[in-house]
Amino acid sequence: MLKVEHIGIAVKNMESANSLFSKLFNKDPYKLEKVESEHVSTSFFQMGDTKIELLEAESEDSAIAKFIEKKGEGIHHIAYEVENIESEMKRLASEGFQLINKAPKNGADNKLVCFLHPKSTNGVLIELCQEIKK
């Protein structure tokens, strides 16, 4: 793993969350993006080498809606940048980590992503992400 790529925060209302975090960070988000496959809207703030990703549910059956219903708004996941997501997935599976995804999938911000189940990471949802080369 190369670095913490971003911290994902689940929010109920993107408009009010963007306003709050814009005031907190004294800057506007650099990107707003819908991830149709996950039924979420995202908003990204650049903070040095790390990003903050706000996530709002677009449907009641999305993972973010279920998370907020169960735990409320707050930190949803920590994402780590990897050089080769497929080899990292194989390595982590061989170390006993439970992968939620069997193969990388397209995520927000031009990334391939895969999640590790919190049951195998002391309760923390971990996302692996790799920049999609253009």
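Rules used in this analysis
Just so you know, the residues in each chain are numbered from 1, in the order the chain's sequence is written. Predicted model: local features are reported for residues with pLDDT of at least 70 only, side-chain atom pairs are reported and counted for 80 or more only, and whole-chain, interface and lining totals are derived from all residues. Hydrogens and waters are ignored; side-chain quantities use all the structure's heavy atoms. UniProt positions are given in the numbering used here, feature names are shortened, and annotations may be inferred rather than shown by experiment. A run of H or I in DSSP counts as a helix once it spans at least four residues, and a run of E counts as a strand once it spans at least two, with each numbered from the N terminus. It is over C-alpha atoms that the radius of gyration is taken, and the globule rule equals 2.2 Å times the number of residues to the power 0.38. Under the scheme applied here, a residue whose accessible area is under 20% of the maximum for its type counts as buried, over 50% as exposed, and between as partly exposed, the area being computed with a 1.4 Å probe on protein chains only. Here the positive residues are Lys and Arg and the negative ones are Asp and Glu; neither His nor the chain ends is included. In what follows, salt bridge is the name for a side-chain nitrogen of Lys or Arg lying within 4 Å of a carboxyl oxygen of Asp or Glu. Identification of polar contacts relies on pairs of N or O atoms within 3.5 Å, with a donor-acceptor requirement for protein atoms, meaning one able to donate a hydrogen and the other able to accept it, and with residues adjacent in sequence counted only if both atoms are side-chain atoms. A contact between two residues is defined here by any heavy atoms of the two lying within 4.5 Å. A pair of sulfur atoms, both from cysteines and within 2.5 Å, is called a disulfide here.

In the annotation of an unreviewed UniProt entry, the protein chain is listed under the name Methylmalonyl-CoA epimerase and assigned to Marivirga sericea. Recorded in UniProt for the protein chain, the comment headed Sequence similarities (unreviewed entry) runs: "Belongs to the methylmalonyl-CoA epimerase family."

Caption draft 1: Focus on the overall build of the protein chain. In terms of regular secondary structure, the protein chain is built from three helices and eight strands. In terms of overall size, the protein chain behaves like a compact globule, its C-alpha atoms giving a radius of gyration of 15 Å where 134 residues would be expected to give roughly 14 Å. The principal-axis extents of the C-alpha atoms in the protein chain amount to approximately 45 × 30 × 25 Å. For the protein chain, the residues scored as buried account for 41% of the 134 residues in total.

Caption draft 2: Broad picture of the side chain of glutamate 56. Relative to the elements of secondary structure, glutamate 56 occurs in strand E4 (residues 50-57). Buried charge without a partner: glutamate 56 forms no salt bridge, and the closest opposite charge is lysine 34, 6.4 Å away. At 3.3 Å, the side chain of glutamate 56 forms a polar contact with the backbone nitrogen of methionine 14. Each residue touching glutamate 56, except ones within four places of it in the same chain, is listed here: Val11, Lys12, Asn13, Met14, His39, Val40, Ser41 and Ile64.

Caption draft 3: Examining unusual backbone geometry more closely. Within the chain, histidine 39 stands out as a residue other than glycine whose phi angle is a positive 60°. With respect to the helices and strands, histidine 39 occurs in the loop between strand E2 (31-35) and strand E3 (40-47). Under the relative-accessibility criterion, histidine 39 is labelled partly exposed at 37%. Phi is positive for aspartate 109, which is not a glycine, with a value near 60°. Tracing the backbone shows aspartate 109 in the loop between strand E6 (105-106) and strand E7 (111-116). Aspartate 109 sits in the buried class, given a relative accessible area of 8%.

Caption draft 4: Geometry of the pattern of salt bridges. For the structure on display, the rule yields 11 salt bridges. The partner of glutamate 88 in a salt bridge is arginine 91, with the nearest N and O atoms 2.6 Å apart. With glutamate 88 and arginine 91 both in helix H3 (residues 85-94) and three residues apart, the pair spans about one turn of that helix. On the accessibility criterion, glutamate 88 (11% relative accessible area) is buried. By relative accessible area, arginine 91 is classed as partly exposed at 38%. Among the charged side chains, a network of salt bridges with common partners joins Glu5, Lys31, Glu33, Lys51, Asp109, Lys111 and Glu131.

Caption draft 5: Summary view of the state of the cysteines. On inspection of all chains with the given rule, the structure shows zero disulfides. We note that cysteine 129 lacks a disulfide partner, and the nearest cysteine sulfur, in cysteine 114, lies 11 Å from it. For cysteine 129, a relative accessible area of 1% gives the class buried.

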